[in-house]
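Reading the structure
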Amino acid sequence: MRLRGLVILTAAIAPTLSCSGEATGPRGSLCDTRHGAEVCVDRPEYRSNEAIVITTRNVSDGPIFKDACATTALPAPDSEEDFRPAYNPRRHCGPGVTRSVIVERMVRLEPGASTTEILRLGYSPQDFFRVTVWLLTPDGEPAFDTPATSGVFVIFPGANN
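Residues numbered from 1 in each chain as written. Predicted model: local features only at pLDDT ≥ 70, side-chain atom pairs only at ≥ 80, totals over all residues. Heavy atoms only, no water.

Quick word on the packing of aromatic side chains
Under the counting rule described, the total for this entry stands at three aromatic pairs. Between the aromatic rings of Tyr87 and Trp134, the centroid separation amounts to 5.4 Å while the plane-to-plane angle is 65°, which identifies the pairing as edge-to-face. One end of the pair, Tyr87, is in the loop between strand E6 (72–75) and helix H2 (90–93); the other, Trp134, is in the loop between strand E9 (127–133) and strand E10 (135–136), with 47 residues separating them in the sequence. The exposure class of Tyr87 is partly exposed, given its relative accessible area of 22%. Trp134 gets classed as buried once you look at its relative accessible area, which sits at 3%. Each ring, one from Phe129 and one from Phe153, has its centre 6.3 Å from the other, and the planes form 20°; the classification is stacked. On the criterion of sequence distance, the pair formed by Phe129 in strand E9 and Phe153 in strand E12 (residues 153–156) is long-range, its members being 24 residues apart. Like Phe129, the residue Phe153 is buried in the burial classification. Cluster of aromatic residues (ring-pair linked, three or more members): Tyr46, Phe129 and Phe153. (Phe/Tyr/Trp six-rings, centres within 6.5 Å; stacked < 30°, edge-to-face > 60°. Helix = DSSP H or I, 4+ residues; strand = E, 2+ residues; numbered from the N terminus. Buried < 20%, exposed > 50% of the residue type's maximum accessible area, 1.4 Å probe, protein only.)

Regarding the sheet that holds strand E7 (residues 107–109)
Read across the open sheet, the three strands follow the order E7-E5-E10; overall the sheet is antiparallel. Unpaired on one side and paired on the other, E7 and E10 mark the two borders of the sheet. Relative to E7, strand E5 (residues 64–66) is paired through three bridges, and the arrangement is antiparallel. Across the sheet, the residue bridging to Phe65 is Arg108, located in E7. (Pairing = 2+ DSSP bridges.)

Section: unusual backbone geometry
Its identity as a non-glycine residue notwithstanding, His35 has a phi of 55°, on the positive side. Assignment of secondary structure puts His35 in the loop between strand E1 (31–34) and strand E2 (37–41). A relative accessible area of 27% means that His35 is categorised as partly exposed. One non-glycine residue, Asn49, lies in positive phi territory at about 75°. Looking at where Asn49 falls in the secondary structure, it is placed in the loop between strand E3 (45–47) and strand E4 (51–58). Overall, Asn49 belongs to the partly exposed group, its relative accessible area being 39%.

Notes on the side chain of Thr56
Inspection of the secondary structure assignment puts Thr56 in strand E4. For Thr56, the residues in contact, after removing those within four places along its chain, are Ala37, Glu38, Val39, Lys66, Leu109, Ala113, Ser114, Thr115 and Val133. (Contact = heavy atoms within 4.5 Å.)

With respect to the nonpolar core
Residues Tyr46, Ile52, Val131 and Phe153 are the most contacted members of the largest nonpolar core, which totals 18 residues. Contributions of two or more residues to this core are made by E2, E4, E9 and E12. Excluding anything up to four places from it in sequence, Ile52 contacts Val41, Asp42, Tyr46, Glu117, Ile118, Leu119, Leu121, Val131 and Phe153. Cys69, Cys93, Ile102 and Leu136 belong to the second largest nonpolar core, which has seven residues in total. (Core = buried A, V, L, I, M, F, W, Y, C linked by side-chain atoms within 4.5 Å.)

Things to note about the state of the cysteines
Taken as a whole and assessed by the stated rule, the structure comprises two disulfides. The disulfide that involves Cys31 links it to Cys40, with 2.0 Å between the sulfurs. An S-S torsion of about 115° defines the bridge between Cys31 and Cys40 as right-handed. Classification of Cys40 by relative accessible area gives buried; the value is 12%. Covalent S-S linkage joins Cys69 and Cys93, the inter-sulfur distance amounting to 1.9 Å. Looking along the S-S bond of the Cys69-Cys93 disulfide, the torsion reads about -80°, which is the left-handed sense. Of this pair, Cys69 sits in the loop between E5 and E6 while Cys93 sits in helix H2; the two residues are 24 residues apart in sequence, bridging distant segments of the chain. Like Cys69, the residue Cys93 is buried in the burial classification. Shown here for the protein is a disulfide pattern of 1-2, 3-4, where each number marks a bonded cysteine counted in sequence order. (Disulfide = S-S within 2.5 Å.)

The values are spatial; any link to function lies outside them.
Spelled out as structure tokens, the structure:
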């Protein structure tokens, strides 16, 4: 039993240490601003199956339309050029989602306004992640070919994984 505990402890500590012994977690802000939207997460670390509190704020001069169907957490790539997530409104609105459902559920944010939502994580491998939030045109089409994103955070395996 002691050996099993040591293995679990080592597995939990080893990924957070670099060769120099310094911690290597997310650095910088938990927020990022793209396409006129600032997207923030509430913590730098999560465990699988935990909830992420996401705040999206309009920092542009005009209204923005936030998709309520496609918000998700995706592994953060090594470089921004590698980060090309596909728009997928079925994530939260089901396989039969239509453009009218997307328009009905999208959130209009006036300049300076914000909205908060909860994203429940399922099982996730240990990695660095970003939350992606898609912005739409008033008729429900993606406004940009890339989403707005949060800052980088880490997900650790949960106790029940």
